[in-house]
Structures are given as C-alpha cells and as structure tokens.
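Okay, here's what each chain looks like letter by letter:
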Amino acid sequence: MGITYNEETSTFKLDTLGSSYIIKVYQEGYLLNLYYGKKIPDTNLSLFEMRMPNASFSLANPVIGEHGFTPDSAPIEYGCNGAADFRISALAVRNVNGDDVTDIRYIAHRIYKGKPVIPGQPASFATEDEAETLEIDAIDKVTGLQITLVYAVFNNTNVMTKSVRATNTSENTMWIERIFSSCNDFPSMDYDMITLWGRWMKERNVERRPLAHGVQGAESKRGVSGHAQNPFAALVARTATEDQGEAYGFNLVYSGNFSALAECDFNATTRFIMGINPVDFEWTLNPGETFHAPEVVCVYTDEGIGEMSRIFHRFYTNNLIRSKYLEEKRPVLINNWEATYFDFNTDKLVAFAEAVSKVGVDMLVMDDGWFGHRNKDDSSLGDWYVNEEKLPGGLQPLISKVNELGLKFGIWYEPEMISPDSDLYRAHPDWCVHVDNRDPMLGRNQLVLDVSREDVRDNIWNQMYAVLSKNKIDYLKWDFNRNIADAGSALLPPERKKEFFHRFILGTYDLMNRLMTNFPDLLFENCSGGGGRFDPGMLYYSPQIWTSDNTDPLSRLAIQFGTSMCYPAATMGAHVSASKRTGYDTKGNVALWGSFGYELDPRNFTEEQIELVRSQIADYHKYYWLIRKGDLYRITDPFNGSNKAVWSFVAQDKSEFMVTYVTITKCEMDHIVIKMKGLNPNRFYKNEEDGQVYSGALLMYAGLPLNMMQMFKVNQDGASLILHFTEAREA
Ligand code: GLA
C-alpha cells in the first residue's frame, strides 16, 4: 500500500519505493507537512508538528489559542496568503469582498489506485498497479473556495507527483491570484539549491548555491519556460555530491511562465513552492468552475545528484513520454538548416538526400523556408502553403524523390507565430498577441499568434492538416522563436487579460494534442530557438526536443550535461554539424548521446568523411538501446573549468556499458584513470577493444588507466574516445 491513513493520529503516509511523505490533519483542520525524505515506518510524528512559534510577532489562531501553534512557523502543507502565515504563499484567492485572505482547512479525502489526468494539460500517467493517488479536499469556509491537493505515489520508483485543483463552491465569483502546484516545508535550511540557467546557444548550465535567508529561485515570465531558467530546481544536502547524499528534485510539467522559489525563514526552515508564475496571472473563477494547476514531479533520493537524475530519466521514459519511438529506433536524420538556411529548392534538397542515401541516413528534414514567400526571416509565418518557386509542383515531387532514394521526409513548422508580412496577418491583424493602443514588440521580425483563441487554432490546424494529410510526412519539427510581450488577446475582456499566458499555453497544448491524435506515427520534435522550451510539458507531446542551436560539440558537452540534470539523453536532439573546433569523430561521439542526426551540406563529402559518417551511423545502431534504455552516469562534468567531460551509459541489468571521454583543452600529459560508476562489483566485464577482462569492482574502485595509445589520442583539444565493455566470465 503506497498510501495509508491513520485515523487515530489523522496522518496520511505516502510511500514510494524509497521515500515517505507524511501529512497530518491538525487541530481546526490545518494540514501539516510533517516529513519528506527516506522511507520510514513511523506515523507518530507529533514532535514534528511544533516549531519555535514566537520569533517574529507570530500570530495565533483564536480557537487554538496562543499555545505554541502559529501558522507562521508550522510546517504548513499548502501555505495560504493573509491568514498569519507570512512566508511565500502557494495560494491567494481574492473574494467578492475584495480581500485575498485565504485559509483552507481539511474536509475530506479519497485514496484510489492509479492516477488522474489533468484535463487539457500534460501530466505523467500510471497504471493502477504502478501508482496510488490521494486527494485531500480543503475548504475556505468563509469564501467557499475548495482546494483539492492531489498526490500520486509510485511504488516502483522514488517519485511522487503533486497537483492542485481549485473549485468555486460559492455563489460569488472569485479571482485566483496565485495557485502553486506544490509546497514543501522542510525543517532546516541546510541545503544547496541547484537550478539551470542559460541563454540562446548556452542552455541549462548547472548552478549550485547555498540557501540563504529570504526568497531565492528560478522563474520565467517570457510566456514560455524559456532559455533563461528551466522549470527545474533541486534542494540537496550541503554535502551531497554526484554519487552520495540527499537530493530532492522538482520539475514542473508546464511550458509557460513558472516560478520555483525557496524561502528560508527566521526558524532556519525552508518553504519551497513551484508552479505557474503569479506575476502576470489571475484567473476568474465563477461559481461551480474548477481551475487545474499543472503537475510537479518530485524525486527524492539519498544516493546523490546522479541518482536523482536517473530517477527522473527513467520516470519520463516510462511515465511521461508517449510515442511509438520509445520502442522503435528513431531514424538518423539530416536537417538542411545550418547548411542552407533559407536558400534551398527541390533540386538542392534532393541532392542532399542523394549524397546521404548511401551512408545510412534515414530521413531528410526540410527546415524553415518552404512556405509562403519566405526567403528570410521577415515573412510568411502563418501562411502554411508551399512556396512553389522553391518547390515546383509542391511537396509531392520532392517527397517522392526523397522516398525513392530510400529516405523518409520531415518538415518544419512554427505554428504559434505570425509574420506582419503574411496573408494571414493581412486578413486578421487582430489575431496576433497584442494589447490595445500599443504596437506589439517584434522578435526576429515576427509576432506571436494568439493561440488562446479557438478560431485561430482551427485556422492553423486546418492549414497544417491540409499539408500533413496529403503528403507522406514522417517527422515534424515544431519551433517557437521568440518570447511573448504585450500579452493580451482581442477576445479577452479587461478583467480577464491576466488569464492570457495560461490560456496561451493551453492553446499550444490543444494544437499539439490535435497533432498527436491525428498523426500518431509522426516523429515529433519540439524546438524553440534551440532549447528554449525544453520542459516536461513538451516531452508529454514530443519524445525529443532540439537541445540547442549551438552544435559545436565542446559547447554541447555543458549543454547536454546540464540538460541531463532531469531530462533523459534520448530526448536531446543532437546533430553532427560543420562546426570547426573538433574533428568528426568527436562530433559523432558527442551527438551519439542524444537523438542523432546531421546538420551540414553532405554534397561535397570527401571519401574520408563518407567513411566516418558510415562508422558513426554504425555506432549509432550498435549503442542505440544501451543509450536509450541504459542509465546515464556523469563521471567528470565539463563545468567549473574542467578540461574534460566523461560519461557512461550502463545497461539496466548491468551486463554492458560504454564510456565516452572528451578532452576539452589539452593539458600537460596527465595520467588518465577513468573510475567507472554503476557497475556490478561482482561481475566481470570485457573491454571490447583489447579483450581484457576486469571486475566491476576494479573498474569502479581502482578505475581503468588509459593505455599509451589512448592517452596520446585524447591529449589534444577536442579529442575523444569511446570504450565499450560487455559482460564476461571471470578472466
Ligand atoms: C530556430 C531553430 C533552428 C532552425 C531555425 C529556423 O532557430 O532552433 O534549428 O529551425 O529556427 O528558422
């Protein structure tokens, strides 16, 4: 049983495979968050209910009296605004009287097998055997606001998910000012916070800092999750490392504005909240209506930051991503973008396909520029009909030729955008995201299309459907190349303008859902100026996301390491390009980590390059399932001036592993020993290169010294090697 309720102590115990989470219904129906951490058998946690109450003019509940309990210090399960809990609140709802004092108390609960969906939004899924759900109803008796806190625990992994529903049970309208999806009250502030910051071409850098008194965290108000911060945060023990120590990871399954905040208070305790960013948000809740806040995936482990990542990876692979390409090999693709930009036509693309058809590439992807009259980035978004000057006769002749060469065909779209120079804009100037009396800001010469509107979505969808249903298209890259300012929709009345951002992202999800439902066989890749919308919400729709527009393998090391903090390797689009800093072998070795492909002009490949590409694709097939289904171990990360990056994939049954070593900048000839991770110490492994056999114990505890040849090979800027070991009988 994952979830139990002890009536005597009025405590809920939520157990995953290795963690426990304990909630108490306290006096007057206050919900307390007594424990989250390594699995424990206890339910008597009365000592955990109290914290020092009088440190800062703390206030008392008049019924309970001034006897120790104050909402300001108590480990409140879901912190509310204005009712004597002065820490960052998860919930604030303004009522018909104009105040936003919000105070919810327990009224009922349900425990059931499986896990509910969140209507219209992405969320992880589970069978009835995999997960159990607890729903706690709590009501604000004064306003009639009912909150349902939804917790699902997984019995085969250390994952718990949280989400929240708000229902207006009153006869008056109310306005949600903030509704976070999760709230945790930790009893100390002895944690470091890990977040992922970035920018275009340099996404998801790992940043670790000790928690300090006050509020800290990561946020986006760009309309998308964004390049700048990722909706991920971890609180880890100060002493935690990659391989040991406590780590709590939180990841919001949402692609819009988010907020992940930790506040450390006067008691040196920590509240952590994650959810929709309350800045630029408000939601009108009429009588009888329900609002659904998105899901947070919570991971706990005491086996280090690496294990936290692996728990996320396995969970997303098994319980979030929906695609036939989880179990089927994904095609090796070639994308024309970096090689041609907008300058292509049918002949050029066919020549690309011809050049790669003999080396094992499976698919040609035609990127931006095939529609309207788009010859540079200043026109035609919204006009999703073929540019026949570039592609005479439409897509059909091109696709037939590509297919005849034995390749599949993929296409690029940017459905949520509109160019001022487009037929669509000329016909519907009010269909762009805008507010009254202001000329909306431009980004890459484009405006954002108001997909919060159903009529707009129908128009775009019909245009997309016409192309996708009439042509044999195997893959779709969905781009999003700017942030959203001037956030408003012509259809939203003034009092609802702050609903725009959330309505926009729901519109995006609706469009993606239409795509998935109508074309379930399509391989769907998300993108946003590289990796500007790399979040679990997007992974629910597409099994892979273009990780970054930066395809230089040495830059990619940091980007891929950072992204792996919570996202599986197979979700990261990774291409070999014409970048200059390394040779082709390292380009291939780094791209192998992700969803592999090429992004270069193949027409002038030398014989030597052809051989290299062939052998890279052979490696791709050789290691495919090991990388897709295996566990990622980060051995040496490329941050903090490190001159190398080393990582490995270990089969889940520990029968095989590969390790990749990349030198970023060469140094004086170090003696190089790679200490493997995650092997079975009692089993033996054969180095496929030289046939030598070693125990897992030796490979992990003593490590594998590189031989002289290997040392010379990797002692150059940008050099790399892969070692592959399979299980062997004892030597
Ligand atoms: C974005 C993407 C690129 C490419 C261009 C096309 O920048 O990240 O891969 O598709 O748009 O305009």
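Residues numbered from 1 in each chain as written. Predicted model: local features only at pLDDT ≥ 70, side-chain atom pairs only at ≥ 80, totals over all residues. Heavy atoms only, no water.

Draft legend 1. Geometry of the overall build of the protein. A count of helical and extended segments in the protein gives 13 helices and 37 strands. By the compact-globule yardstick of 27 Å for 731 residues, the protein fits well, its C-alpha radius of gyration being 27 Å. Taking the principal axes of its C-alpha atoms as reference, the protein extends roughly 85 × 75 × 45 Å. Looking at the protein as a whole, 63% of its 731 residues are labelled buried. Considering only intrachain contacts with a sequence separation of at least 6, the fraction spanning at least 24 residues in the protein is 67%. Each charge class in the protein was averaged separately, 71 positive and 96 negative side chains, and the resulting centres sit 3 Å apart. (Helix = DSSP H or I, 4+ residues; strand = E, 2+ residues; numbered from the N terminus. Rg over C-alpha atoms; globule rule 2.2 N^0.38 Å. Buried < 20%, exposed > 50% of the residue type's maximum accessible area, 1.4 Å probe, protein only. Contact = heavy atoms within 4.5 Å. Lys, Arg positive; Asp, Glu negative; His and termini not counted. Charge placed at Lys NZ, Arg CZ, Asp CG, Glu CD.)

Draft legend 2. Just the domain arrangement of the protein, in detail. According to the domain assignment, the protein consists of domain 1 (3–319), domain 2 (328–626) and domain 3 (634–730). Relative to domain 2, the C-alpha centre of domain 1 lies at a distance of 35 Å. Taken together, the contacts link 44 residues of domain 1 with 40 residues of domain 2. When the two sides are added together, the surface that domain 1 and domain 2 hide from each other amounts to roughly 3500 Å², 57% of it contributed by carbon and sulfur. (Domains from an automatic or database assignment. Buried area = accessible area lost by both parts, 1.4 Å probe.)

Draft legend 3. Structural view of the site of the ligand. In the vicinity of the ligand lie 13 residues, with Asp 367, Asp 368, Lys 477, Gly 530 and Asp 549 positioned nearest. One nitrogen or oxygen atom from the side chain of Asn 481 is found 3.2 Å from an oxygen atom belonging to the ligand. Bound to the protein, the ligand loses 96% of the 310 Å² it would expose on its own. A per-class count over the shell around the ligand returns 4 nonpolar, 3 polar and 6 charged. (Near = heavy atom within 4 Å. Polar contact = N/O pair within 3.5 Å; in protein donor to acceptor, adjacent residues only side chain to side chain. Areas by Shrake-Rupley, 256 points an atom, 1.4 Å probe, with all protein chains shown as cover. Nonpolar A, V, L, I, M, F, W, Y, C, P; charged D, E, K, R; others polar.)

Draft legend 4. How the structure looks around the pattern of salt bridges. Here the structure, examined in full by the defined rule, presents 45 salt bridges. The shortest N-O distance in the salt bridge between Asp 185 and Arg 87 comes to 3.1 Å. Of this pair, Asp 185 sits in strand E10 (residues 174–186) while Arg 87 is found in the loop between strand E4 (31–38) and strand E5 (91–94), placing the two residues 98 residues apart along the sequence. Each member of the pair, Asp 185 as well as Arg 87, is classed as buried. The salt bridge involving Arg 271 is made with Asp 185; its shortest N-O contact spans 2.8 Å. Linking Arg 271 in strand E17 (residues 270–276) with Asp 185 in strand E10, this pair joins segments that are 86 residues apart in sequence. Salt bridges linked by common partners bring Asp 85, Arg 87, Asp 185 and Arg 271 together as one network. (Salt bridge = Lys/Arg side-chain N within 4 Å of Asp/Glu carboxyl O.)

Draft legend 5. Quick peek at the side chain of Ser 220. If you trace the backbone, Ser 220 turns up in strand E13 (residues 214–220). Residue Ser 220 is classed as buried on the basis of its relative accessible area of 3%. In this structure, Ser 220 is in contact with Ser 225, Asn 257, Phe 258 and Asn 277, ignoring residues within four places of it in sequence.

Draft legend 6. How the structure looks around the sheet that holds strand E14 (residues 229–237). One open sheet accounts for 9 strands, arranged E6-E7-E8-E9-E19-E15-E14-E11-E12; its pairing is antiparallel. With one partner strand each, in any of the chains shown, strand E6 (105–113) and strand E12 (202–210) form the two edges of the open sheet. Adjacent strand axes in the sheet meet at a mean angle of 20°, parallel and antiparallel pairs treated alike. Judged from the 6 bridges that link them, strand E11 (residues 191–199) and E14 form a sheet pairing that is antiparallel. (Pairing = 2+ DSSP bridges. Axes fitted to C-alpha atoms, helices over the stretch in contact; angles between N-to-C directions.)

Draft legend 7. The arrangement of helix H11 (residues 607–629) in detail. Here H11 contains 23 residues, and its C-alpha end-to-end distance of 34 Å stays within 8% of the 33 Å for a straight helix at 1.5 Å per residue. Along H11, the sharpest kink reaches roughly 55°, centred on Tyr 623. Structurally, H11 contributes buried residues whose contacts are with strand E28 (572–577), helix H10 (584–591), strand E29 (595–599), strand E31 (644–650), strand E32 (656–663) and strand E37 (720–728). (Expected span 1.5 Å × (residues − 1). Bend = angle between axes of the 7 residues up to and from the residue.)

Draft legend 8. Seen up close, the nonpolar core. With 192 residues, the main nonpolar core has Trp 370 and Ile 411 as its most contacted residues. Per-element accounting of this core gives the leading share, 9 residues, to helix H7 (residues 500–518). Ranked by size, the runner-up nonpolar core spans 21 residues in total, among them Tyr 661, Ile 674, Leu 706 and Leu 723. (Core = buried A, V, L, I, M, F, W, Y, C linked by side-chain atoms within 4.5 Å.)

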